[in-house]
Every structure is written in structure tokens, then in C-alpha cells.
Amino acid sequence: MEDDSRFTEFVAERANALLRYGYALSGNPHDAADLTQEALVRLHRAWPRVRGKEDPERYTKVIMTRLHISVWRRRRREQLAWAPPETPLHDVLPSDGDQELWQALEGLPRKQRAVLVLRFYEQLPDAEIAGVLGISQGTVRSHASLGLARLRAAIAHHSPAKGNAS
């Protein structure tokens, strides 16, 4: 019973942070919610083992990252027959000032986005990122370099248009 209450406390304290992490990974509020929910279900199953030996939040983020990559692999093979709704999310996830960055991040390939989120949002070293994603450290650096270059280009491409519209 104590384990359940400690798990409930963990979820109450960290659910919003995990949801933001899911959004940073997926770029989509619905996918972020799904990632968070599935990761918490899996964490609950492993809670007796995880709470004493490991950092539960880090464990949950590793689950979310792996789920995100797994979903990406499955989606890459299938074609969706419908378009997602165009309604904006009215939440505190990205601030208005960060919209351009979030949109540029959303346009990156999933692995590049995952590497950048893990490196800059989670501040993980390349070795840990490589372990989480199951790739080499050189591939981590390559994805980070390519992703940053694409972000810079996308933001630079959009910025002059704003100046011309004023």
C-alpha cells in the first residue's frame, strides 16, 4: 500500500514535467500524452524495483524515448488514412516566443529531434544518449550536428519573412 502512495506522489509531482518532455520528443500534444501515459503504466509495473535502485523520473524518460522511437519505426512503415485535427493546443507547453523553435524542431527527423531533446532539454552526455537510443556516440554527434544545422536554417529562413511583413 505504501508503494502505491509513493507512486501516486511521484506522478502528482512529475506528471507535468514528463508531459513537457513527451511534447519535446514528439512535437505533438496528443502523442506526448500517449507517451506519458504508457510510460507511467510501465513504470507502475516496475515501481517496486525502480523506486529503490534508480531515479524513477530518469527511468520514465528512458521508457518514453524508447516508446517514441518504437512508434516512429512503426509509423514509418504505415500510411495514415486521416489527417490530425488542426485545432491548436491551449496549454502551457511551448510559449508564444518559442513557437518558431518548436515548429522548426517538429520538422526534424525523429532521431535528430530525439538527440537534440536528450542533449539540450535533458542535458545528457553523448554516451547516455547513445545508450538510450541504441546508436553509437558518433551517430549521436552526427544527428546533433545535422539537427542543429537544420534548425538554424529553418529559423533563419523564417526570421527575414517576419521582418518583411512589419
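Residues numbered from 1 in each chain as written. Predicted model: local features only at pLDDT ≥ 70, side-chain atom pairs only at ≥ 80, totals over all residues. Heavy atoms only, no water.

Enquirer: Could you clarify how one ought to interpret helix H2 (residues 29–53) in this entry?
Expert: Turn by turn, an α-helix covers 3.6 residues, leaving residues three or four places apart pointing in a common direction. The end-to-end C-alpha separation of H2 is 31 Å, well short of the 36 Å expected for 25 residues at 1.5 Å each. Considering bend angle alone, the principal kink of H2 is centred on Ala46 and spans about 80°; proline Pro48 follows within four residues of it. The complete set of buried residues in H2 reads Asp31, Ala32, Leu35, Thr36, Ala39, Leu40, Leu43, Ala46, Trp47 and Val50. Capping the start of H2 is the job of one residue whose side-chain oxygen sits 2.7 Å from the backbone nitrogen of His30: Asn28. (Helix = DSSP H or I, 4+ residues; strand = E, 2+ residues; numbered from the N terminus. Expected span 1.5 Å × (residues − 1). Bend = angle between axes of the 7 residues up to and from the residue. Buried < 20%, exposed > 50% of the residue type's maximum accessible area, 1.4 Å probe, protein only. Polar contact = N/O pair within 3.5 Å; in protein donor to acceptor, adjacent residues only side chain to side chain.)

Enquirer: Would you mind going over the confidence of the model for the chain with me for this structure?
Expert: For any part of a model where pLDDT is low, the fine detail of the predicted coordinates should not be relied upon. Model confidence for the chain is summarised by a mean pLDDT of 80, while 76% of its residues fall at 70 or above. Least confident of the elements in the chain is helix H7 (residues 137–165), whose mean pLDDT is 78; most confident is helix H6 (residues 126–133), at 90. Segment residues 161–166 is flagged for pLDDT under 50; beyond a separation of four residues in sequence, or across chains, it makes one contact in the model. (pLDDT = per-residue confidence, 0-100. Contact = heavy atoms within 4.5 Å.)

Enquirer: Is there a simple way to think about the environment of Arg14 in this case?
Expert: Along the chain, Arg14 turns up in helix H1 (residues 2–26). On a C-alpha basis, the gap between Arg14 and Pro56 in space is 9.9 Å, while along the polypeptide they are 42 residues apart.

Enquirer: What am I meant to see in the environment of Arg150 here?
Expert: By the secondary structure assignment, Arg150 is in helix H7. A C-alpha to C-alpha distance of 8.1 Å links Arg150 and Ala104, two positions 46 residues apart in sequence. Setting aside residues up to four positions removed in sequence, Arg150 forms contacts with Gly107, Leu108, Pro109 and Gln112.

Enquirer: Even after reading the chapter, I still don't get the packing of aromatic side chains, so can you show me in this structure?
Expert: Each aromatic ring pair is described using two quantities: the centre-to-centre distance and the angle formed by the ring planes. Applying the stated criterion to the full structure yields three aromatic pairs. Consider the rings of Phe7 and Trp47, whose centres lie 5.4 Å apart with planes at 75°: the pair is edge-to-face. On the criterion of sequence distance, the pair formed by Phe7 in helix H1 and Trp47 in helix H2 is long-range, its members being 40 residues apart. As far as the burial class goes, Phe7 and Trp47 line up, both buried. Seen in terms of ring centroids, Phe10 and Trp47 are 5.7 Å apart; in terms of plane orientation they differ by 40°. Their pairing is tilted. Pair noted here: Phe10 is in helix H1 and Trp47 is in helix H2, with a separation of 37 residues, a long-range link. Per residue, the accessibility class of Phe10 equals that of Trp47, and both read buried. Chaining the aromatic ring pairs together yields one cluster made of Phe7, Phe10 and Trp47. (Phe/Tyr/Trp six-rings, centres within 6.5 Å; stacked < 30°, edge-to-face > 60°.)

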